[in-house]
Amino acid sequence: MNKDEKPSGEVFLREHEFDGIQEYDQKLPNWWLFTFYIAIVFFVFGWFAYYQLPLRIQSDAERIDGEIALIEMKKSVELNSLMASLTDNSLFEMSRDPSHLTTGQGIFDGKCAPCHGADLSAKLGGIALPGLPLNDAEWKYGSKPLEIMKIVTSGSPDITKGMIAWSTQLSPSEIAQVVAYILSHQPKEVP
Amino acid sequence: MLTSKKPNLESVTSINADGSRYFIHPADVSGNFTVWRRVFGALLLAVYVLLPWIPAGGYPAVFFDLAGRRFHFFGLTFLSEDLWIGFFLLTGLGFSLFYVTALFGRLWCGWACPFTVFLEQVYRRIERLIDGDAFARRSLDQSAWTFSKTSKRIVKHTLYLVVSLILAHIFVSYFVSIPRLYGYMQESPLNNAKAFGVMLFLTGALYFSFSWFREQFCLILCPYGRIQSALTDDDTVVIGYDELRGEPRGKKSDPNAGDCINCSRCVQVCPTGIDIRNGLQMECIGCAACIDACNEVMDKTSRPRGLVRYDSMNGLAGKVRRYWRPRIMLYTAMLCLGLAVAGLFLTGLHSAKLELVRFPGAPYYVTETTVRNQFRLHLVTKQNAETTFMFSTNELPAGAVVSGIDGPVPVSPGGGKMLTVIVQIPLESYTESFDVTFEATVNPGDFVLSDSVKFLGPSKYLLQ
């Protein structure tokens, strides 16, 4: 059999001794030293680049602010385009359109019916519900469709009544569809 | 030097005295453990490669949908609010490591670690196919750049890159799903820059790790290896050389010699470059190649197997090998506790969610006849099917009216709903605040969820 007589690698024991402890003098693997030197170079470059060049990696806060600003901008664009096209008449026309009515009903049943009643009468089996009836001709804050829309968007002017500004939960087009649904329950003689 | 470097206990074989790398080429080995390692490695590879292709509950079996912030796991879906499970998962894995290592040493390293599995079962096999056995590989390393060497290197590294690309893509598919990944692959990489970047980085990392870095990871980088080495005691079953039996080393014909004939096969097959006869060392990853190598030689010299074997340090010193000891008793007790706690919390995990919160606005409203509270009911389903919630409330004061829920509420698959719920009670009935509890029976699944909020009102002195 083979006896390997080759030296296995020179290992030097250094002479200095601390409390009976000595150390070997061995080199770190070159790849490790390499990454260390690269890190130094990267640091120098990176420091100058960060402060001198306009490159920036966004912080989380900046990124979130940017995304929120984008959302707000989209929302206001949608709102403006919708309000530009909405008139009392167009809302009445929507109230005659079955597709808008189905969506509007879905929203109404989930969000408005608890206070205004599923049949808009603000009564649940004879018991008065918090909201005002919406299926009659009496409108406390304005009877025009756009005025109705304003109430839904910004909430009741009387804050003790508990109707919140639904613009926080519904998009402008959803609000328009709910208003259309409400209008569809109006007696047909009202212009 | 066409034979392997002789290991010693003072230095690391794969690092030369001048800091350059000594590339280790382990010799071929065959035996029981080699076979079992290959089988187990093949199994693990199959799991890794096939899991994203297997559907479960409408989604891939394991799908960490980062974009949708949902984790799908064998039919169960977890949302970000279930992240607490991650606590049990991580601590459980960490604890299992402690437990298994105390019993069996670095079993993970040699048998299950992805690094070992990829390196030994995939990349080294490719190298063995193209470059030949250990002797041939060393000769090739030292030879000049002939046409044969150049073409072998090109073919080998191309194969390495292809395999790295495939593995990297499979990794990405765990987070993106195979169908979506296929879609990405047909568009420009810039459209999905993040996924592409991850894939590229991983390809590079895999290629670099398995073509060059190899055992340096185990020796220097990996924290688990060091931690595991610190978790063993003299009763841990590790791989060791039976000194009592093997020493003094000598020729087979020598009657005064021990069983070790100094063939150095155990050194030649070691992938980390140690001599197991020097004792248990930090570099040993427990791959059992030396066991197979020595057993082969023992067979040929008609001596009993097990000169190098799995045994505890105590066992190798001739004492009794015991598993059940104070450390293991303590670990077992902790395991039971951990499982109990995890089990307790996991019973609260459901495939749907119900939350009752107060509506924005005033905490209560008072009219001439009623006191009213406005609530919001959040319903979420994690199931991939339409889920219905059927509600009931607790006992409310006389004359209470609840509006907002008529009948069972359907929620679309994987979706949610927010309902407005109003609770009114006549002024006379209100004396003090009370709990309003909504209970829902959820189907499919037939389980019950509930949540409570306090019904608030003015002080009774104000009502008089």
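Analysis parameters
- Residues numbered from 1 in each chain as written.
- Chains lettered and ligands numbered in written order.
- Predicted model: local features only at pLDDT ≥ 70, side-chain atom pairs only at ≥ 80, totals over all residues.
- Pairing = 2+ DSSP bridges.
- Helix = DSSP H or I, 4+ residues; strand = E, 2+ residues; numbered from the N terminus.
- Axes fitted to C-alpha atoms, helices over the stretch in contact; angles between N-to-C directions.
- Contact = placed C-beta atoms within 7 Å.
- Nonpolar A, V, L, I, M, F, W, Y, C, P; charged D, E, K, R; others polar.
- Core = buried A, V, L, I, M, F, W, Y, C linked by C-beta atoms within 7 Å.
- Buried ≥ 20, exposed ≤ 12 C-beta atoms within 10 Å, placed from the backbone.
- pLDDT = per-residue confidence, 0-100.
- Expected span 1.5 Å × (residues − 1).
- Bend = angle between axes of the 7 residues up to and from the residue.
- Domains from an automatic or database assignment.
- Parallel < 35°, antiparallel > 145°, perpendicular 65-115°, else oblique.
- Left-handed = near helix turned anticlockwise from the far one by under 90°.

> Got a minute to help me understand the sheet that holds strand β3 (residues 62–65) of chain B in this structure?
What holds strands together in a sheet is hydrogen bonding between their backbones, with the strands either parallel or antiparallel. All names here are of chain B. Spatial ordering of the open sheet is given by β3-β4-β5, a layout of three strands whose pairing is antiparallel. Two strands in the sheet have a free side with no partner beyond their single neighbour: β3 and β5 (76–79). Here the strands of the sheet are splayed against their neighbours by 10° on average, with no regard to which way each runs. Relative to β5, strand β4 (residues 70–73) runs antiparallel, the two being bridged by four bridges.

> I would appreciate a short explanation of the interface of chain A and chain B in the present structure.
Interfaces are often described in size by the accessible area the parts lose on coming together. Chain A puts 28 residues into the contact, and the matching count from chain B is 36 residues. Where the side of chain A that touches chain B is concerned, the elements lending two or more residues are α1 (30–52) and α4 (98–116) of chain A. Grouping the amino acids of the side of chain A that touches chain B by side-chain chemistry returns 15 nonpolar, eight polar and five charged.

> Sorry if this is basic, but what is going on with the sheet that holds strand β11 (residues 387–393) of chain B here?
All names here are of chain B. With respect to topology, four strands assemble into an open sheet ordered β13-β11-β15-β16, the strand pairing being antiparallel. Bordering the open sheet on either side are β13 (409–411) and β16 (447–455), each of which pairs with just one other strand. Put simply, the sheet's adjacent strands are angled 30° from each other on average, direction ignored.

> Explain unusual backbone geometry here, please?
Leave glycine aside and you will find that most residues have negative phi; peptide bonds, for their part, are mostly trans. Residues and elements named next belong to chain B. Note that the residue after E247, namely P248, is joined by a cis bond; omega there is -10°. Assignment of secondary structure puts P248 in the loop between α11 (243–246) and α12 (265–268). Geometrically, the link from N443 to P444 is a cis peptide bond, its omega value of 0° lying close to zero. For P444, the position within the fold is in the loop between β15 (434–443) and β16. A positive phi angle is found at S177, which is not glycine, with a value near 75°. Among the structural elements, S177 can be located in the loop between α6 (147–176) and α7 (178–185).

> Help me understand the nonpolar core, please; the structure alone is not making it clear to me.
In globular proteins that are soluble, nonpolar side chains generally tend to be buried together. Of all hydrophobic cores here, the largest spans 49 residues; its most connected members are B:C266, B:C290 and B:V308. Those elements giving two or more residues to this core turn out to be α2 (85–104), α4 (114–131), α6, α8 (193–213), α9 (215–221), β6 (237–241), α12 and α13 (289–300) of chain B. With six residues, the single largest contributor to this core is α13(B). When near neighbours in sequence (up to four residues on either side) are disregarded, B:C290 contacts B:I239, B:C266, B:V269, B:C270, B:I276 and B:V308. In this structure, A:M94, A:V179, A:A180 and B:L379 belong to the second largest nonpolar core, which totals 42 residues.

> How should I be thinking about the confidence of the model for chain B in this particular structure?
Any region with low pLDDT has predicted coordinates that should not be read closely. Residues of chain B with pLDDT of at least 70 account for 99%, and the chain-wide mean is 90. Averaged pLDDT values over the elements of chain B bottom out at 73 in helix α16 (residues 460–463) of chain B and peak at 96 in helix α1 (residues 32–50) of chain B.

> Quick question: what am I supposed to make of α4(B) here?
Side chains that are three or four residues apart share a direction in an α-helix, a result of its 3.6 residues per turn. Residues and elements named next belong to chain B. An ideal rise of 1.5 Å per residue puts 26 Å on 18 residues; α4 measures up with 24 Å between its terminal C-alpha atoms. A bend of about 35° at R124 is the largest found in α4. What α4 keeps buried is the set F115, T116, F118, L119, E120, V122, Y123 and D131. For α4, the elements touching its buried residues are α1, α3 (107–112), α5 (134–142), α6, α8 and α9.

> So what exactly am I meant to see when it comes to the domain arrangement of chain B here?
The domain architecture assigned to chain B consists of domain 1 (1–143 + 214–349) and domain 2 (352–463). Centre-to-centre, using C-alpha coordinates, domain 1 of chain B lies 57 Å away from domain 2 of chain B.

> Which parts of the structure should I look at to understand the packing of α2(B) against helix α15 (residues 326–346) of chain B?
Think of two packed helices as two axes; the pair is described by the angle between the axes and how far apart they sit. All names here are of chain B. The geometry of α2 relative to α15 is characterised by a closest axis approach of 11 Å and an angle of 160° between their N-to-C directions. Relative to α15, the element α2 is oriented roughly antiparallel. The two elements α2 and α15 meet at a crossing, and its hand is left-handed. Counting all contacts with α2, which are made through F88, G92, F95, F98, Y99, A102 and L103, the residues of α15 involved are R327, I328, Y331, M334, L335, G338 and A342.

> What is the right way to look at the packing of α6(B) against α8(B) in this model?
Residues and elements named next belong to chain B. It is the contact of α6 with α8, at a shortest axis distance of 8 Å, that shows an interaxial angle of 135°. Between α6 and α8, the interaxial angle falls into the category oblique. The handedness of the crossing between α6 and α8 comes out as right-handed. Each of H157, Y160, L161, S164, L165, L167, A168, H169, F171, V172 and V176 in α6 lies in contact with α8, whose residues at this interface are A195, V198, M199, L202, T203, L206, Y207, F210 and S211. Here the residues of the contact of α6 with α8 sort into 15 nonpolar, five polar and no charged.

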